[in-house]
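Each chain, letter by letter, is given below.
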Protein chains: 4
Amino acid sequence: MVLVLKPDHDPKQLENLTAWLKSLGLDTHLSVGRYQTILGLVGDTSLVDIDMIKNMDIVETATRISEPYKNANRKFHPDDTIVEVAGNKIGGGHFQIIAGPCSVESEEQICTIAEQVKAAGATLLRGGAFKPRTSPYSFQGLREEGLRLLLKAKERTGLPIVTEIMEASHIPLFKDVDILQVGARNMQNFELLKELGTIDKPILLKRGLANTLQELLMSAEYIMAGGNEKVILCERGIRTFETATRNTLDLGSIPVLHEMTHLPVIVDPSHSTGFSRLVPPMSMAAAAAGADGLIIEVHNDPKHALCDGAQSLTPEQFAEVSSNVQKILPIVGKTM
Amino acid sequence: MVLVLKPDHDPKQLENLTAWLKSLGLDTHLSVGRYQTILGLVGDTSLVDIDMIKNMDIVETATRISEPYKNANRKFHPDDTIVEVAGNKIGGGHFQIIAGPCSVESEEQICTIAEQVKAAGATLLRGGAFKPRTSPYSFQGLREEGLRLLLKAKERTGLPIVTEIMEASHIPLFKDVDILQVGARNMQNFELLKELGTIDKPILLKRGLANTLQELLMSAEYIMAGGNEKVILCERGIRTFETATRNTLDLGSIPVLHEMTHLPVIVDPSHSTGFSRLVPPMSMAAAAAGADGLIIEVHNDPKHALCDGAQSLTPEQFAEVSSNVQKILPIVGKTM
Amino acid sequence: MVLVLKPDHDPKQLENLTAWLKSLGLDTHLSVGRYQTILGLVGDTSLVDIDMIKNMDIVETATRISEPYKNANRKFHPDDTIVEVAGNKIGGGHFQIIAGPCSVESEEQICTIAEQVKAAGATLLRGGAFKPRTSPYSFQGLREEGLRLLLKAKERTGLPIVTEIMEASHIPLFKDVDILQVGARNMQNFELLKELGTIDKPILLKRGLANTLQELLMSAEYIMAGGNEKVILCERGIRTFETATRNTLDLGSIPVLHEMTHLPVIVDPSHSTGFSRLVPPMSMAAAAAGADGLIIEVHNDPKHALCDGAQSLTPEQFAEVSSNVQKILPIVGKTM
Amino acid sequence: MVLVLKPDHDPKQLENLTAWLKSLGLDTHLSVGRYQTILGLVGDTSLVDIDMIKNMDIVETATRISEPYKNANRKFHPDDTIVEVAGNKIGGGHFQIIAGPCSVESEEQICTIAEQVKAAGATLLRGGAFKPRTSPYSFQGLREEGLRLLLKAKERTGLPIVTEIMEASHIPLFKDVDILQVGARNMQNFELLKELGTIDKPILLKRGLANTLQELLMSAEYIMAGGNEKVILCERGIRTFETATRNTLDLGSIPVLHEMTHLPVIVDPSHSTGFSRLVPPMSMAAAAAGADGLIIEVHNDPKHALCDGAQSLTPEQFAEVSSNVQKILPIVGKTM
């Protein structure tokens with residue numbers, strides 16, 4: 001951290017500040033220039049409240065120059081993390097397509113879709129059992145029953161399953177689930193993240209609607225600090241002023257995250273755009289931008305789906321997207 | 001809900017759509033114009049997924065024209081809701097000031113501040129026991145011990161207490177807390193909201209960083225749908241491109257919320273701006289804009305506070321803000 | 001436009017409203033439902049101020065259901081517009097790469113880069129002569145002299161040139177320029193747009209930092225309303241809360257614009273991201289998302305460029321991007 | 001400016017960098033720490049392209065620590081600037097209310113409103129002659145004729161006039177106008193700003209919809225660098241994800257701008273909110289937050305106004321706002 005001191009700072013106050021920083025375990029390094037005096041802090045500054053420093057009488061500006069995340073930081077872990085689920089690798093050049101319905105609705109529905117997406121190239125099955133809905137009057141998912149039906153589909157097709165968890169106390173219910181998803185609205189549900197750090201299962205962590213990439217990595221850090229290093233990041237669009245799409249898919253986040261972290265990065269083109277007709281071009285763009293995978297909504301009857309039918313592809317549409325995406329992969333050095 | 005149909009829509013598809021809408025309990029009303037054909041839906045459209053409708057082949061646009069919230073809607077409840085806590089009324093012309101430290105740190109700290117803010121005009125005491133922090137390496141609050149100390153301060157001063165709850169399973173720990181606060185990051189933690197709907201305590205619901213006013217009311221609706229109608233809304237700034245302040249305090253939300261809902265609306269000028277020197281002008285602006293109260297961070301030693309010292313006022317600064325705010329109240333027809 | 005009237009509206013006021021709408025040349029269509037009364041407006045509603053209508057005593061909500069742009073609207077012009085510049089076609093399946101330096105700095109510089117980008121696959125040359133800079137103390141471009149040097153480079157290489165115009169009174173200076181660019185900051189400089197509507201040259205119109213796609217089309221409409229239909233739209237990133245990239249490149253705008261309008265859509269991956277290392281993945285993503293072209297900054301000595309060196313590729317890097325983008329084109333049905 | 005160098009930087013490259021910085025007239029100051037090497041740049045860094053520095057091989061991060069604006073900077077000009085127009089002072093404790101219609105429509109209209117707003121406390125008259133409209137099909141203002149009518153109203157009432165200029169070539173037409181307004185869409189029309197820097201009239205500079213406060217001051221700097229120091233800043237709302245109001249009025253900008261600059265800051269509560277019923281609370285909030293003035297739309301017949309009727313107050317409503325605002329001024333130490 002670098003502090004620029006006010007030109008007329010009181011030397012006594014500077015002495016106090018330095019003593020206090022030492023008490024936090026930090027070394028300081030003073031550079032007195034003609035126009036500016038700079039105080040550099042060396043050591044583990046992740047414990048320092050930068051806003052408090054900025055508010056001090058003698059400080060003009062304070063700037064953090066090292067990242068506040070460690071376990072997720074590529075600097076300390078240069079090689080790509082590869083998360084493996086039942087033989088399917090994500091990251092490090094390995095690309096996977098996760099597909100399935102927004103909500104699990106019935107055994108027939110989930111098993112049929114599972115077979116269809118598998119035939120079309122999906123290697124993992126998604127499906128919502130616990131559903132976060134903006135309205136208390138909307139369908140909230142089949143919950144435990146939904147998990148049971150997902151496991152049936154897994155049994156039938158062999159596809160590992162990915163589904164959303166909304167509360168720490170539900171963890172025991174997810175013991176047979178392959179990848180636990182944390183939704184955008186829970187990206188900073190820290191009590192949940194802490195508990196997920198204590199289990200030994202891959203976590204698919206979605207970026208919050210208004211969260212920076214650094215905050216996404218801080219949430220990954222919550223999980224990793226607990227000992228669980230199998231975190232898959234997911235870009236799913238951010239909230240902006242533009243209303244033509246549901247959210248603004250930030251594909252620039254893919255190469256930026258690949259610089260910041262060693263964790264794999266996948267993209268959700270369905271929730272981010274909100275319209276099924278935008279899923280094919282955005283899936284291809286995500287692959288071309290270097291994503292490590294996709295999570296796509298597919299429904300055998302989108303017009304009658306109980307939730308988010310608008311953004312679901314039919315199995316036929318999905319098969320075409322899957323095929324086109326696979327043509328892009330060799331150009332970007334990925335395999336599936 | 002109003003649908004505009006595509007000019008060349010297939011009459012058979014229109015028949016199917018109408019039949020399906022009837023099956024949802026809605027009446028339809030068709031207007032065939034020279035240039036456009038409009039289908040109006042009458043009845044409880046809160047169950048209809050508008051995105052799904054928009055995606056239908058024969059539909060050009062779909063627009064929701066009635067609000068998806070009921071219990072929180074001023075239309076169905078024209079009079080202001082007044083939430084009363086130990087004799088302190090919030091809403092309906094009654095203004096309250098909630099003050100206290102970001103975090104509870106020790107018995108001495110919380111009791112001293114409680115006495116100071118009471119002397120300066122605060123009528124409720126705030127203080128964080130369970131703290132949502134972006135970094136897993138930051139101080140996470142004294143948790144249960146923090147609640148115990150808050151109750152000590154209440155005992156000493158008589159001030160009712162307001163503190164944040166982060167997870168449904170913690171509710172029993174909050175049985176003696178007067179107002180349970182839901183933080184911005186948990187505004188759409190629907191499992192938590194559902195549980196808070198089943199208890200008989202006022203809930204202070206903070207607006208999420210990227211949430212619209214309608215979404216804030218939908219979250220209030222989650223609580224109210226469970227039977228708990230004592231919801232106090234709190235504007236605390238939204239995330240925008242501007243970085244000169246921590247967040248952008250949206251004071252226009254006050255008169256807009258007062259039109260949309262009968263629930264009281266208070267403002268947090270501390271977290272929204274992030275700098276203590278901005279708290280006085282924003283507190284006064286909030287009062288002038290018609291807020292029903294303020295929640296302000298005060299610390300007896302902001303430079304050494306364990307969290308968010310940067311945005312905390314000293315007790316002396318708080319006393320001045322409190323006094324100035326009280327000069328504004330009669331101009332806007334409020335009493336304290 | 002559809003108005004929902006207040007339940008208790010005064011019939012006399014409705015009569016007045018209807019009369020006034022008729023005076024604007026609109027037909028009205030009243031639907032009286034059990035719960036709601038809807039007034040549909042039929043005719044050219046682009047002249048109606050929707051905010052004024054929303055503010056009327058008897059109106060609860062008002063919704064525009066037809067687009068306020070005509071010439072740019074795909075509905076009235078279903079076929080793709082193809083803009084042709086010296087034999088290079090943009091749009092309708094034709095893809096072009098525009099490349100060159102941020103600023104023209106010297107004859108040697110612009111001619112050298114022109115030859116290099118031509119060799120690497122660029123079909124048009126860009127280069128700033130008049131430069132919009134945030135600071136009055138930054139280099140403002142060589143202005144007239146810069147235009148002269150661009151024409152030298154065109155003479156030398158045969159590449160048509162694209163350069164930015166900042167004020168209507170400068171139009172005569174641009175008489176030999178092939179494509180006039182309107183920058184993001186001038187997207188709503190309506191006096192400039194009106195004048196550009198009267199000339200017979202293609203206009204490259206960049207999306208403003210905080211402008212919706214509809215507003216972009218309204219600005220295109222300003223040009224087209226004057227008679228100039230050769231408008232090329234350019235996505236160049238929008239301003240959001242995320243600071244890891246300079247702007248957030250909104251690639252979802254490509255398929256959405258292709259639905260809304262028949263005009264070609266190109267992408268600027270250099271200004272949007274602000275970092276040269278993000279240009280290759282975003283160029284490929286733009287091509288995969290269906291863009292009709294790219295405009296890329298290339299500099300033979302980025303470290304010493306007078307402006308925006310940070311986002312410029314070297315000619316070698318550009319050659320690699322160009323080659324990779326061309327591998328994507330056949331997958332999305334485009335040719336170059 | 002402070003650069004953090006990469007841990008393994010090549011000493012030869014550092015030497016080159018230092019030499020290049022010296023050639024720009026900057027001194028450098030190297031601090032070699034155990035974990036980090038920091039290079040401080042001392043001198044006028046406003047000429048350095050920070051993005052280019054960030055992109056250098058040996059640089060990890062670069063941070064600007066001094067503001068890029070000089071003339072507008074309060075550090076170099078600690079006293080409030082007071083802009084005086086025909087005896088009306090703005091800034092330095094002096095508060096003014098500018099009022100009038102969105103557009104000038106007729107002599108009778110503008111003269112009637114001028115008399116009404118003067119009677120209700122307005123000290124300057126606003127009115128649009130040249131109108132920036134999103135749609136080319138909307139009323140574009142009476143232009144020259146509008147200016148003539150404004151001067152009639154000034155003659156009749158003695159109120160100085162404020163009106164918008166959209167293009168540099170129009171400056172001669174504004175020779176009798178008292179304050180020239182630069183609208184939000186032209187805040188970064190640098191060719192216009194440069195020309196306004198050469199005249200001797202106060203400029204009312206509105207913040208752009210997506211512009212930071214620093215960018216607002218950089219635009220003020222364009223005017224001041226030309227010699228015209230009479231700049232009045234105007235907060236008029238920024239574009240965010242929230243759609244309940246037209247824009248989000250950022251009242252926190254008032255105290256922040258007062259810290260950054262000595263220039264007066266006024267607020268436009270009409271355009272920012274878009275609804276007349278929100279103008280009274282936001283006017284009062286702006287005064288309470290420390291604004292130096294207000295610019296408010298008033299129309300004698302809002303329902304038939306040719307533009308933006310929705311946000312205009314009636315003269316009676318304006319009189320009430322004016323009276324209430326004047327009750328707030330003494331509390332914040334302002335006089336009118």
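Residues numbered from 1 in each chain as written. Chains lettered and ligands numbered in written order. Predicted model: local features only at pLDDT ≥ 70, side-chain atom pairs only at ≥ 80, totals over all residues. Heavy atoms only, no water.

**Remarks on the sheet that holds strand 2 (residues 27-32) of chain B**
All names here are of chain B.
And then number 1: Sheet architecture is open: four strands sit in the order 2-3-1-4, paired in antiparallel fashion. The sheet terminates laterally at strand 2 and strand 4 (59-63), the two strands that pair on one side only. Neighbour-to-neighbour, the strand axes of this sheet turn through a mean angle of 20°, independent of strand direction.
And then number 2: Judged from the four bridges that link them, strand 1 (residues 2-5) and strand 3 (residues 37-42) form a sheet pairing that is antiparallel. Among the inter-strand pairings, Leu3 is bridged to a residue of strand 3, identified as Leu39. (Pairing = 2+ DSSP bridges. Helix = DSSP H or I, 4+ residues; strand = E, 2+ residues; numbered from the N terminus. Axes fitted to C-alpha atoms, helices over the stretch in contact; angles between N-to-C directions.)

**Structural notes on the confidence of the model for chain A**
And then number 1: Looking at chain A as a whole, the pLDDT averages 91, with 96% of positions reaching at least 70.
And then number 2: At the level of chain-chain contacts, confidence expressed as ipTM amounts to 0.90, with global pTM at 0.91. (pLDDT = per-residue confidence, 0-100.)

**Some words on the packing of aromatic side chains**
The relative placement of two aromatic rings is captured by the distance of their centres and the angle of their planes.
Residues and elements named next belong to chain D.
And then number 1: Evaluated as defined, the whole model comprises eight aromatic pairs over all chains.
And then number 2: Residues Phe190 and Tyr222 carry aromatic rings whose centres are separated by 4.7 Å and whose planes lie at 20° to one another, so their mutual orientation is stacked. With Phe190 in helix 5 (residues 190-196) and Tyr222 in helix 6 (residues 213-225), this pair connects stretches of sequence that are 32 residues apart. In this pair, the class of Phe190 matches that of Tyr222, namely buried. (Phe/Tyr/Trp six-rings, centres within 6.5 Å; stacked < 30°, edge-to-face > 60°. Buried < 20%, exposed > 50% of the residue type's maximum accessible area, 1.4 Å probe, protein only.)

**Brief notes about the interface of chain B and chain A**
Often, the extent of an interface is quoted as the loss of accessible area on bringing the components together.
And then number 1: Tallying the contact residues gives 53 residues for chain B and 53 residues for chain A.
And then number 2: In this assembly, chain B packs against chain A so that about 4600 Å² is buried in total across both faces, 51% of it on carbon and sulfur atoms.
And then number 3: One can count four salt bridges joining chain B with chain A.
And then number 4: Put simply, B:Arg143 and A:Glu191 hold a salt bridge, and the shortest N to O gap is 3.0 Å.
And then number 5: At the junction of chain B and chain A, the tally comes to 20 residue pairs in polar contact (both at pLDDT 80 or more).
And then number 6: Of all the secondary-structure elements, those providing two or more residues to the side of chain B that touches chain A are helix 2 (50-54), helix 5 (190-196) and helix 6 (213-225) of chain B. (Contact = heavy atoms within 4.5 Å. Buried area = accessible area lost by both parts, 1.4 Å probe. Salt bridge = Lys/Arg side-chain N within 4 Å of Asp/Glu carboxyl O. Polar contact = N/O pair within 3.5 Å; in protein donor to acceptor, adjacent residues only side chain to side chain.)

**A look at the packing of helix 6 (residues 213-225) of chain C against helix 7 (residues 253-260) of chain C**
All names here are of chain C.
And then number 1: Packing of helix 6 against helix 7 leaves a shortest axis separation of 11 Å and a crossing angle of 50°. Regarding the angle of helix 6 to helix 7, the classification is oblique. Regarding helix 6 and helix 7, the two cross each other, and that crossing is right-handed. On helix 7, the residues touching Leu213, Gln214, Leu216 and Leu217 of helix 6 are Ser253, Val256, Leu257 and Met260.
And then number 2: Considering only residue class, the contact of helix 6 with helix 7 consists of six nonpolar, two polar and no charged. (Parallel < 35°, antiparallel > 145°, perpendicular 65-115°, else oblique. Left-handed = near helix turned anticlockwise from the far one by under 90°. Nonpolar A, V, L, I, M, F, W, Y, C, P; charged D, E, K, R; others polar.)

**So, the pairing of strand 1 (residues 2-5) of chain A**
Residues in a regular strand point their side chains to alternate faces of the sheet.
All names here are of chain A.
And then number 1: Of the two faces of strand 1, the one carrying Val2 and Val4 and the one carrying Leu3 and Leu5 are both buried.
And then number 2: Looking at chain direction, strand 1 and strand 4 (residues 59-63) are connected through four bridges and run antiparallel. Bridge pairing in strand 4 links Leu5 to Val59.

**Here's the deal with the interface of chain C and chain A**
And then number 1: Chain C puts 34 residues into the contact, and the matching count from chain A is 34 residues.
And then number 2: With both sides pooled, the region where chain C packs onto chain A buries about 2600 Å², and carbon together with sulfur makes up 74% of that total.
And then number 3: Among the residues chain C hides against chain A, the three largest losses belong to C:Phe241, C:Glu242 and C:Ile331. Together they make up 22% of the total.
And then number 4: The interface formed by chain C and chain A holds four salt bridges in total.
And then number 5: Salt-bridge contacts for A:Arg277 lead to C:Glu259; the nearest nitrogen and oxygen are separated by 2.3 Å.
And then number 6: On inspection of chain C and its partner chain A, the count reaches six residue pairs in polar contact (both at pLDDT 80 or more).
And then number 7: Here the element with the most residues in the side of chain C that touches chain A is helix 9 (residues 279-288) of chain C; it accounts for five residues.
And then number 8: A class-by-class count of the residues in the side of chain C that touches chain A yields 20 nonpolar, seven polar and seven charged.

**Observations regarding the pattern of salt bridges**
Once their charged atoms are close, side chains differing in charge can pair, the charge on each being opposite to the other.
Residue and element names in this part refer to chain B.
And then number 1: Counting across every chain of the model gives 76 salt bridges over all chains.
And then number 2: We note a salt bridge from Asp178 to Lys154, for which the minimum N-O separation is 3.0 Å. In this pair, Asp178 sits in the loop between strand 9 (161-164) and strand 10 (179-182) while Lys154 sits in helix 4 (residues 144-157), placing the two residues 24 residues apart along the sequence.
And then number 3: Asp178 gets classed as buried once you look at its relative accessible area, which sits at 15%.

**So, the relation of the copies chain C and chain A**
And then number 1: Superposition of chain C onto chain A requires a rotation of 180° combined with a translation of 0.0 Å along the rotation axis, giving an RMSD of 0.0 Å. What the rotation and shift describe, once combined, is the action of a two-fold rotation axis. Looking at the rotation axis and the C-alpha trace of chain C, the residue lying nearest is C:Ala285, at 2.0 Å.
And then number 2: Looking at the interface residues of chain C, 100% of them are also at the interface in chain A, so both copies use one shared face. (Least-squares fit on C-alpha atoms with pLDDT ≥ 70 in both.)

**A look at the environment of B:Phe318**
Residue and element names in this part refer to chain B.
And then number 1: Take Phe318: it is sitting in helix 10 (residues 315-328).
And then number 2: As for Phe318 and His299, which are separated by 19 residues in sequence, their C-alpha atoms are 9.4 Å apart.
And then number 3: With sequence-adjacent residues up to four places away left out, Phe318 is seen in contact with Ile97, Ala99, Val117, Ala120, Ala122, Ile296, Val298 and Leu313.

**Digging into the sheet that holds strand 3 (residues 37-42) of chain A**
Residue and element names in this part refer to chain A.
And then number 1: The four strands are arranged 2-3-1-4 in an open sheet whose pairing can be described as antiparallel. Each of the sheet's edge strands pairs with one partner strand only, and the pair in question is strand 2 (27-32) and strand 4. In this sheet, neighbouring strand axes are inclined to one another by 20° on average, regardless of whether the strands run parallel or antiparallel.
And then number 2: Judged from the six bridges that link them, strand 2 and strand 3 form a sheet pairing that is antiparallel. Residue pairing in the sheet places Thr28 in a bridge with Leu41 of strand 3.

**Section: helix 6 of chain B**
All names here are of chain B.
And then number 1: The first and last C-alpha atoms of helix 6 sit 18 Å apart over 13 residues, in line with the 18 Å expected at 1.5 Å per residue.
And then number 2: In terms of burial, helix 6 is a largely internal element, 11 of the 13 residues being buried.
And then number 3: Leu213, Glu215, Leu216, Leu217, Met218, Ser219, Ala220, Glu221, Tyr222, Ile223 and Met224 are the residues of helix 6 that are buried.
And then number 4: Elements that come into contact with the buried residues of helix 6 comprise helix 5, strand 11 (203-206), strand 12 (231-235) and helix 7 (253-260).
And then number 5: Downstream of helix 6 by one or two residues, Gly227 has phi in the positive range, about 115°. (Expected span 1.5 Å × (residues − 1).)

**Digging into the pairing of strand 12 (residues 231-235) of chain C**
All names here are of chain C.
And then number 1: Strand 12 sits mainly inside the fold: five of its five residues count as buried.
And then number 2: Pairing geometry for strand 11 (residues 203-206) and strand 12, over four bridges, is parallel. Paired with Leu204 across the strands is Ile232, a residue of strand 12.
And then number 3: As for the winding sense of the linkage, the β-α-β connection from strand 11 through helix 6 to strand 12 is right-handed. (Right-handed = clockwise from strand over helix to strand, strands pointing away.)

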